[in-house]
Amino acid sequence: MKGIKFLILFYFIFNPLFSEEFIGKAQVIDGDTIKIGKEKIRLFGIDAPEKKQKCKKIYLSFLIFNFQKDYNCGQISKKALQEKIKKKEIKCISSTKDRYKRHIAICFLKSLDLNKWLVRNGYAIAYRKYSKKYVFDEIEARENKLGLWRGSFTKPEKWRRISN
């Protein structure tokens, strides 16, 4: 019986009962990281290209040939989030932090899930390593050739490994 009581106590101490909420105007760091006040927030379940990451997009198709050129997909992702948020107030709900002490959160502009919006429009991909929540949104973006899916790219997680 003592063991069960200990496990229950351990659970309530180390697993937050309440989510933390952050409300305010956000500063966009990159396509999947923002800052509200002094709090850094990493968008849950998605992975966007890094600021210096380049991707390829088709600029000319001829018969069976596709000609591609590089573009700054990391900057495009960041800019898309900035344009969507503008100077409006957003709300982020977090229940955990990552190893960099950033809050991991789902963020909303009114009722719009911004994490989902980024994936559905091809500015980020579903981060399957941590969640399957946005997989169908990624499939939708890929099928409609939106954003990153217009050309070719290295997944951000792999790009971080090979660029360091």
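Nothing here was measured: the structure is a model prediction, and the numbers come from that model.

Engineer: Could you clarify how one ought to interpret the pairing of strand 2 (residues 33-36) in this entry?
Structural biologist: Looking along a regular strand, one sees the side chains alternate between the two faces of the sheet. Here 4 bridges tie strand 1 (residues 20-30) to strand 2, and the two strands are oriented antiparallel to one another. The partner of Val28 across the bridge, within strand 2, is Ile34. Pairing of strand 2 with strand 3 (residues 39-43) involves 4 bridges; the strand directions are antiparallel. Residue Ile34 lies in a different strand from strand 3, and its bridge partner there is Ile41. Remark: 2 residues form the turn of the hairpin made by strand 2 and strand 3, two consecutive strands paired antiparallel; Gly37 in that turn has positive phi of roughly 65 degrees.

Engineer: What is the right way to read the nonpolar core from this model?
Structural biologist: Taken as a class, soluble globular proteins show a tendency for nonpolar side chains to be buried jointly. Grouped together as the largest cluster of nonpolar side chains are 26 residues, with contacts concentrated most on Ile34, Ile36, Ile41, Ile90, Cys92 and Cys107. When residues of this core are traced back to their parent elements, those giving at least two are strand 1, strand 2, strand 3, helix 2 (73-85), strand 7 (89-97), strand 8 (103-109) and helix 3 (114-120). Filtering out sequence-adjacent residues up to four positions away, Cys107 remains in contact with Ile34, Ile41, Leu43, Ile90, Lys91, Cys92, Leu112, Asp113, Leu114 and Asn115. Grouped together as the second largest cluster of nonpolar side chains are 7 residues, Tyr71, Ile125, Ala141 and Leu148 included.

Engineer: What's the story with the state of the cysteines in this structure? I'm lost.
Structural biologist: Here a disulfide denotes one covalent bond, and it connects the sulfur atoms of two cysteines. Counted by the stated rule, this structure contains 2 disulfides. Two residues share a disulfide in this structure: Cys55 and Cys73, whose sulfurs sit 2.0 Å from each other. Across the S-S bond linking Cys55 and Cys73, the dihedral sits near 60 degrees, which makes this disulfide right-handed. Within this pair, whereas Cys55 is found in strand 5 (residues 55-62), its partner Cys73 is found in helix 2, the two being separated by 18 residues in sequence. When its relative accessible area of 2% is taken as the criterion, Cys73 is described as buried. Disulfide pairing is shown between Cys92 and Cys107; the S-S distance is 2.1 Å.

Engineer: Any chance you could explain the environment of Lys91 here in plain terms?
Structural biologist: As for its position among the elements, Lys91 is in strand 7. Given the relative accessible area of 33%, Lys91 is considered partly exposed. Considering only alpha carbons, one finds Lys91 and Glu21, 70 residues apart in sequence, at a separation of 6.9 Å.

Engineer: Is there a simple way to think about helix 2 in this case?
Structural biologist: The periodicity of an α-helix, 3.6 residues per turn, causes residues three or four places apart in sequence to face the same way. Between its first and last C-alpha atoms helix 2 spans 18 Å; for 13 residues at 1.5 Å apiece the expected length is 18 Å, and the two agree. Those residues of helix 2 not exposed but buried are Cys73, Gly74, Ser77, Lys78, Ala80, Leu81 and Ile85. Along the long axis of helix 2, the arc covered by the buried residues comes to 155 degrees, so they all point the same way. After helix 2 finishes, the residue Lys86 shows a positive phi value of roughly 50 degrees.

Reading guide: rules and limits
Residues numbered from 1 in each chain as written. Predicted model: local features only at pLDDT ≥ 70, side-chain atom pairs only at ≥ 80, totals over all residues. Heavy atoms only, no water. Pairing = 2+ DSSP bridges. Helix = DSSP H or I, 4+ residues; strand = E, 2+ residues; numbered from the N terminus. Core = buried A, V, L, I, M, F, W, Y, C linked by side-chain atoms within 4.5 Å. Buried < 20%, exposed > 50% of the residue type's maximum accessible area, 1.4 Å probe, protein only. Contact = heavy atoms within 4.5 Å. Disulfide = S-S within 2.5 Å. Expected span 1.5 Å × (residues − 1). Arc of directions from axis to C-beta.

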